[in-house]
Number of protein chains: 2
Amino acid sequence: MFRDGSGRTLADYPRPSVAVDTALLTLDRSLGLVVLEVRRPTGRGWALPGTFLHEHERLADAVNRSLWDKAHIRGLRPRQLQVFDAPGRDDRGWVLSVAHIQVVHASRLEDRFHDSTRLVPVTQPGRLPFDHAEIAKSAVHNIRSRYSDEPDPDHLLGDSFTLRELRLAHEAVMGRELQRDTFRRTMEPRLVATGETTAGGRGRPAEVFRRAAAES
Amino acid sequence: MFRDGSGRTLADYPRPSVAVDTALLTLDRSLGLVVLEVRRPTGRGWALPGTFLHEHERLADAVNRSLWDKAHIRGLRPRQLQVFDAPGRDDRGWVLSVAHIQVVHASRLEDRFHDSTRLVPVTQPGRLPFDHAEIAKSAVHNIRSRYSDEPDPDHLLGDSFTLRELRLAHEAVMGRELQRDTFRRTMEPRLVATGETTAGGRGRPAEVFRRAAAES
DNA sequence: TGAATAGTGTCTTTGAGACACTATAGG
DNA sequence: CCTATAGTGTCTCAAAGACACTATTCA
């Protein structure tokens, strides 16, 4: 057993429980930017999906495990937001929570889980336990910051899309309308034209673009 | 004892040790932007100051405790950077580390600790154990981001200062020269003039400013 | 007076915002 | 033709960068 400078082993120190909680964001066609909530296992109401960290498990793996268990979504790459450590934040004991954000395409949410999950517009937050309201707020800030830099860093759209689709996605993320012409001039240099155009819609067909390789 | 949804108590789950590690940055008159390193208690070499979280202790309090123990600095407000959770990152066992940044005025570093501490320019990083090199790099990115927004959010300077002093601080933080005139025009609206001027130096006396109340 | 530093005028460039125009489709 | 959407020209405005000028002090 390895020892620290004081000569005691790590086992001599009390250790906190560590949880992960995740704000999973997606774009709903009608609701706009939404956050996934799941039924709380104990008691009533809804909460962000979370779980306790298992032994030697990585935080990202714990997030993936909780999202798989509670909404059957997998293969994600959550990003850390911050650690919540307020004493008394969890009445079950000494629990730290590492908040995460994960953004997914709406198609990855399976319909058959709609009894135990729901999507709530970020503009109308409900009442959430623990620090979950703060986590959701932080996640919204985070995704807005990311989308002000790049066209579609979190793949809210498919592989190809028109500038109209991209702009509508940005408007949903940002929560406000964006100017059509300025948006195009900002984004077009960061996209790759496919040479294809849309057909069948109203009005002039639109060019179809892909994400630049750097964004992939 | 409270129980979770599975009916087991929290005590049934293994828990990780949680450490805090801190990149303490300051401005050295001759070295520029520097990070504080401390002698490692076990073995040789240097590391960022850190400690294990005590029972029911807040992360910020653990940071303050480690900085008081190792460099006799206190009363600080560290900010979280990120959690490091790679398996095997610490050969003493299952240890998560919550990295922090803290920026202080150089005058708060006590000279009598210079045997067990040293200040290393961020431009010439040494070899650091664990994830400490990454923490230091993240801290530099963090302070640069903060100082691109505001005059002196971390109080690297005293209560009052000239625009020259402020610019030299920014140049040290940013690691590059800044334009004198553009810098003034950017910063002056965010400062409060005291009406005083410097005396005794070479050249025309400079106006003395204070931080705006919002920054305080 | 000359060197050194403080502070400002102003020209250029750049990018966002705003408006209006042209282009191309369906009905 | 009309309507709807795509794409572009161009004017304005604000801010940063760059250069040069004036202002005030000490030696």
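Residues numbered from 1 in each chain as written. Chains lettered and ligands numbered in written order. Predicted model: local features only at pLDDT ≥ 70, side-chain atom pairs only at ≥ 80, totals over all residues. Heavy atoms only, no water.

As annotated in an unreviewed UniProt entry, chain A is NUDIX hydrolase from Mycolicibacterium arseniciresistens.

### Examining the protein's contact with DNA strand D
Here is the rule we go by: Residues are labelled near a given molecule or strand when at least one of their non-hydrogen atoms is within 4 Å of it. Here a polar contact is taken to be a pair of N or O atoms separated by no more than 3.5 Å, where protein atoms must pair a possible hydrogen donor with a possible acceptor and residues adjacent in sequence count only if both atoms sit in side chains. Starting at the N terminus, helices and strands are each numbered in turn, a helix being any DSSP run of H or I of at least four residues and a strand any DSSP run of E of at least two.
In the neighbourhood of DNA strand D, 20 residues make up the surrounding shell, with Arg-180, Arg-184 and Glu-207 of chain A together with Gln-179 and Asp-181 of chain B lying closest. Close to the protein, within 4 Å, the atoms of DNA strand D belong to sugar or phosphate groups at a rate of 56%. Residue Arg-185 of chain A places a side-chain N or O atom 2.8 Å away from a base oxygen belonging to DNA strand D. At 3.2 Å from a base oxygen of DNA strand D is found a main-chain nitrogen or oxygen belonging to Arg-204 of chain B. Within the residue set of the surface near DNA strand D, elements represented by two or more residues are α4 (180-187) of chain A together with α4 (180-187) of chain B.

### Describing the layout of surface pockets
To find leftover empty space, a probe the size of one water molecule is rolled over the atoms. To be explicit about the condition: The way it works is a 1 Å grid over only the protein atoms, where trapped points that fit a 1.4 Å probe form a cavity and open points with protein on both sides within 12 Å along at least five of seven lines form a pocket, and then any residue with an atom within 4 Å of a point lines it. Grid points are joined across faces, edges and corners, and a volume is the space filled by probe spheres set on the points. Under the convention adopted here, Pro, Cys and the residues Ala, Val, Leu, Ile, Met, Phe, Trp and Tyr are nonpolar, Asp, Glu, Lys and Arg are charged, and Gly plus all remaining residues are polar.
When its volume is computed, the largest pocket comes out at roughly 990 Å³. Along its surface, the largest pocket is lined by 18 residues, and Leu-81 and Asn-142 of chain A together with Gln-80, Leu-81 and Asn-142 of chain B are the ones closest to its centre. Looking at the lining of the largest pocket, the elements that each hand over two or more residues are β5 (79-84) and α2 (132-149) of chain A together with β5 (79-84) and α2 (132-147) of chain B. Tallied by class, the residues present in the lining of the largest pocket amount to 2 nonpolar, 12 polar and 4 charged.

### Notes on the protein's contact with DNA strand C
DNA strand C sits among 20 residues. The nearest are Gln-179 and Asp-181 of chain A together with Arg-180, Arg-184 and Glu-207 of chain B. Here the atoms of DNA strand C within 4 Å of the protein split so that 54% fall in sugar or phosphate, with bases taking the remainder. Between a phosphate oxygen of DNA strand C and a side-chain N or O atom of Gln-179 of chain A, the distance comes to 2.3 Å. When residues of the surface near DNA strand C are traced back to their parent elements, those giving at least two are α4 of chain A together with α4 of chain B. Looking at which element gives the most residues to the surface near DNA strand C, the answer is α4 of chain B, with 4 residues.

### Details of the domain arrangement of chain A
Residues and elements named next belong to chain A. Formally: The split of the chain into domains comes from an automatic or database domain assignment. When two parts are put together, the accessible area they lose, computed with a 1.4 Å probe and summed over both, is reported as buried area. For salt bridges, the criterion is a side-chain nitrogen of Lys or Arg within 4 Å of an Asp or Glu carboxyl oxygen.
Domain assignment breaks chain A into domain 1 (10-146) and domain 2 (160-211). Just the C-alpha atoms count here: the centres of domain 1 and domain 2 sit 31 Å apart. A combined buried area of about 440 Å² lies between domain 1 and domain 2, and 72% of that area is made up of carbon and sulfur atoms. It is Leu-27, Leu-33 and Arg-144 that lose the most area in domain 1 upon contact with domain 2, and together they represent 83% of the buried surface on that side. Summed over the shared surface of domain 1 and domain 2, the result is 0 salt bridges. Taken together, the links from domain 1 to domain 2 amount to 2 residue pairs in polar contact (both at pLDDT 80 or more).

### Describing the relation of the copies chain B and chain A
Superposing the two chain copies requires a rotation about an axis and a translation along that axis. To keep things clear, this is the line we draw: Superposing copies: least-squares fit, C-alpha atoms only, residues required to have pLDDT of at least 70 in both. Contacts are residue-level and defined by heavy atoms, with any inter-residue pair within 4.5 Å sufficient.
Laying chain B over chain A is done by rotating through 180° and shifting 0.0 Å along the axis; what remains is an RMSD of 0.1 Å. The relationship between the two copies is best expressed as a two-fold rotation axis. Residue Arg-15 of chain B, judged by its C-alpha, is the member of chain B lying nearest the rotation axis, at 2.9 Å. When the interface residues of chain B are mapped onto chain A, 100% of them again fall at the interface, so both copies present the same face.

### Observations concerning helix α3 (residues 163-174) of chain A
Residues and elements named next belong to chain A. Let me state the cut-off plainly: The span expected for a helix works out to 1.5 Å for each residue beyond the first. Categorising residues by exposure relies on relative accessible area from a 1.4 Å probe, with only protein chains included: less than 20% of the type maximum marks a residue as buried, more than 50% marks it as exposed, and the intermediate range marks it as partly exposed.
Compared with the 16 Å implied by 1.5 Å per residue over 12 residues, the 16 Å span of α3 between its first and last C-alpha is a close match. Those residues of α3 lying buried are Leu-163, Leu-166, Arg-167, Ala-169, His-170, Glu-171, Val-173 and Met-174. With its phi angle positive at about 75°, Gly-175 sits one or two positions after the end of α3.

### Overview of the nonpolar core
Here is the rule we go by: Joining through side-chain atoms within 4.5 Å is the link that ties buried Ala, Val, Leu, Ile, Met, Phe, Trp, Tyr and Cys residues into a set, and such a set is a nonpolar core.
In terms of nonpolar packing, the biggest core is built from 38 residues, with Leu-24 of chain A together with Leu-24 of chain B touching the most fellow members. For this core, the elements supplying multiple residues, two or more each, are β1 (17-28), β2 (32-39), α1 (59-71) and β6 (95-103) of chain A together with β1 (17-28), β2 (32-39), α1 (59-71) and β6 (95-103) of chain B. When sequence neighbours within four positions are dropped, the list of residues in contact with Leu-24 of chain B reads Val-34, Val-35, Leu-36, Leu-67, Ile-73, Leu-76, Gln-102, Val-104 and Leu-109 of chain B.

### Section: the sheet that holds strand β8 (residues 160-161) of chain A
All names here are of chain A. Basically, it comes down to this: If DSSP finds at least two bridges between two strands, the strands pair.
Taking strand neighbours across the sheet as the criterion, the 3 strands line up as β8-β10-β9 in an open arrangement whose pairing is antiparallel. Each edge of the open sheet is held by one strand with a lone partner, namely β8 and β9 (191-197). Two strands pair when backbone bridges link them, and β9 and strand β10 (residues 207-211) are joined in this way by 4 bridges, in the antiparallel orientation. Looking across to β10, one finds that Ala-193 is bridged to Phe-209.

### Remarks on the confidence of the model for chain A
Regions with low pLDDT carry predicted coordinates that are not meant to be interpreted in detail. Put simply, the rule reads: Each residue gets a pLDDT score, which is the predictor's confidence in that residue and runs from 0 to 100.
Taken as a whole, chain A shows an average pLDDT of 91; of its residues, 94% reach a score of 70 or greater. Segment residues 1-6 of chain A is flagged for pLDDT under 50; beyond a separation of four residues in sequence, or across chains, it makes 14 contacts in the model.

### Observations regarding the UniProt feature "domain: NrtR DNA-binding winged helix" (unreviewed entry) in chain A
As a reminder of what qualifies: UniProt positions are given in the numbering used here, feature names are shortened, and annotations may be inferred rather than shown by experiment.
Within this numbering scheme, the UniProt entry marks residues 155-210 of chain A as carrying the feature "domain: NrtR DNA-binding winged helix" (unreviewed entry). In residues 155-210 of chain A, helix accounts for 36% and strand for 23%; the two terminal C-alpha atoms are 11 Å from one another.

### Regarding the pattern of salt bridges
Within the structure shown, the criterion is met by 24 salt bridges over all chains. With a closest N to O distance of 2.8 Å, Arg-92 of chain A and Asp-90 of chain A form a salt bridge. Of the charged contacts in the structure, one is a salt bridge between Arg-211 of chain B and Asp-159 of chain B, with a shortest N-O distance of 3.7 Å. In this pair, Arg-211 of chain B sits in strand β10 (residues 207-211) while Asp-159 of chain B sits in the loop between α2 and β8 (160-161), placing the two residues 52 residues apart along the sequence. Connected through salt bridges with shared partners, the residues Arg-79, Arg-146 and Asp-154 of chain A form a single ionic network.

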